[in-house]
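# Structural features, examined
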Amino acid sequence: MKWLQIHITVDQEHVDFTETLLLSLGAVSVTLDDAEDQALLEPLPGETPLWNKVIVTGIYQEDEQDPIDVAKLEAFLSAQLPNAPMRHEQLEDQVWERAWMDYYDPIQISEKFWIVPEWLEAPDADAVNIKLDPGLAFGTGNHASTFLCLQWLGQTDLKDKTVIDFGCGSGILAVAALLLGAKKVYATDIDPQAVLATKQNAELNGVLDRLYVGLPEEFDAEFKSKESQADVLVANILASPLMMLAPEFATLLKPEGEFALAGVIEEQVEDVSAVYRQYFDILQIEKREENWCRISGKRHA
């Protein structure tokens with residue numbers, strides 16, 4: 001069996017029409033991709049941001065006995081979407097459920113610290129290797145903000161410390177903290193899928209017994225019943241919720257407890273820092289590619 005892919009580049013306002021058009025013409029699936037390398041922040045709940053220019057791709061199943069007339073199909077699409085760049089390609093059949101795995105490689109955070117997709121061998125068996133199933137939750141180590149947090153954890157003394165991972169996504173930071181010596185990690189996320197992914201990745205790495213993960217209200221009840229305050233807090237979310245959460249983070253963290261914030265772009269650093277200086281000493285601002293930044297420091301003594 002063969003497959004036909006048709007790629008159409010359209011402005012944001014034409015995405016819904018293009019998607020509906022392709023599906024009405026028999027596409028078995030439609031995907032959306034960035035056409036101009038435009039960065040998008042991780043969305044807030046209920047938001048579905050799109051790029052200004054979008055590549056809409058329809059996939060069609062081809063019967064060898066009755067092949068698709070590609071020229072006729074493209075002519076019809078061009079009539080509905082004049083001036084929209086369009087191209088097509090033929091794909092051989094493959095195990096699609098596994099094909100996405102080809103896009104992941106081990107990621108080196110530092111000399112002895114790696115993120116390794118669970119189906120691959122660790123490049124350095126003696127290093128701290130986090131086995132990861134990316135799943136559906138945010139956080140693989142590829143994103144600059146996640147990398148910055150992992151880098152900070154690798155440079156921080158976590159031995160026998162209690163750590164909070166606020167906005168845990170895939171659980172990559174929680175698992176990293178435990179593998180790097182943390183005594184206990186309390187993780188939370190507003191997405192039930194993230195809670196599930198964090199549990200699965202903790203189990204994959206043999207650290208589930210030292211992890212608690214739950215939705216925010218569950219986290220509040222569990223943490224307050226077991227701990228007074230944490231030694232370390234890491235939050236890889238977005239600038240707006242980070243600023244709103246500053247007073248809460250100050251109550252969760254011990255005096256002189258260490259923290260790292262990410263999910264902040266360069267233009268937002270000063271606004272976020274100004275809010276946090278009310279409760280914390282800002283010790284370092286680190287920048288990575290695409291203007292993503294990490295803010296770290298200690299809670300006021």
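Notes on the structure follow. (Residues numbered from 1 in each chain as written. Predicted model: local features only at pLDDT ≥ 70, side-chain atom pairs only at ≥ 80, totals over all residues. Heavy atoms only, no water.)

### Let's talk about helix α7 (residues 216-226)
- Residues Phe-219, Glu-222 and Phe-223 constitute the buried set of α7. For α7, the buried positions fall inside an angular range of 95° around the axis, keeping them on one side. In α7, the exposed positions angled more than 90 degrees off the buried face are occupied by Glu-217, Ala-221, Lys-224 and Ser-225.
- The inward-facing, buried residues of α7 abut β8 (162-166), β9 (184-188), β10 (211-214), β11 (230-236) and α8 (239-252). (Buried < 20%, exposed > 50% of the residue type's maximum accessible area, 1.4 Å probe, protein only. Helix = DSSP H or I, 4+ residues; strand = E, 2+ residues; numbered from the N terminus. Arc of directions from axis to C-beta. Contact = heavy atoms within 4.5 Å.)

### Observations concerning the sheet that holds β11
- Taken in spatial order, the seven strands make up an open sheet running β10-β9-β8-β11-β12-β14-β13, and their pairing is mixed. Each edge of the sheet is formed by a strand with only one pairing partner; in this case those strands are β10 and β13 (280-287). Averaged over neighbouring strand pairs, the angle between their axes works out to 15° when direction is ignored.
- The pairing of β8 with β11 spans four bridges and is parallel. What sits directly across from Ile-164, in β11, is Leu-233.
- In the packing of α8 onto the sheet, the strands contacted are β8, β11, β12 (253-265), β13 and β14 (292-299), and the crossing angle to β12 comes to about 170°. (Pairing = 2+ DSSP bridges. Axes fitted to C-alpha atoms, helices over the stretch in contact; angles between N-to-C directions.)

### Here's the deal with the environment of Glu-270
- Structurally, the position occupied by Glu-270 is in helix α9 (residues 269-276).
- Between the C-alpha atoms of Glu-270 and Ile-295, which are 25 residues apart in sequence, the distance is 9.9 Å.

### Observations regarding the packing of aromatic side chains
- Counted by the stated rule, this structure contains nine aromatic pairs.
- Measuring from ring centre to ring centre gives 5.9 Å for Phe-166 and Phe-219, while their planes differ by 85°; the resulting arrangement is edge-to-face. Of this pair, Phe-166 sits in strand β8 while Phe-219 sits in helix α7, placing them 53 residues apart in sequence.
- Overall, the relative accessible area of 12% leaves Phe-166 in the buried class.
- Pairing Phe-166 with Phe-249 gives two aromatic rings, centres 5.0 Å apart and planes at 70°, and the pair type is edge-to-face. Here the residue Phe-166 occupies a position in strand β8, and Phe-249 occupies one in helix α8, the gap between them amounting to 83 residues. Across this residue pair, the class does not change: Phe-166 and Phe-249 are buried. (Phe/Tyr/Trp six-rings, centres within 6.5 Å; stacked < 30°, edge-to-face > 60°.)

Taken by themselves, the reported measurements are silent on function.
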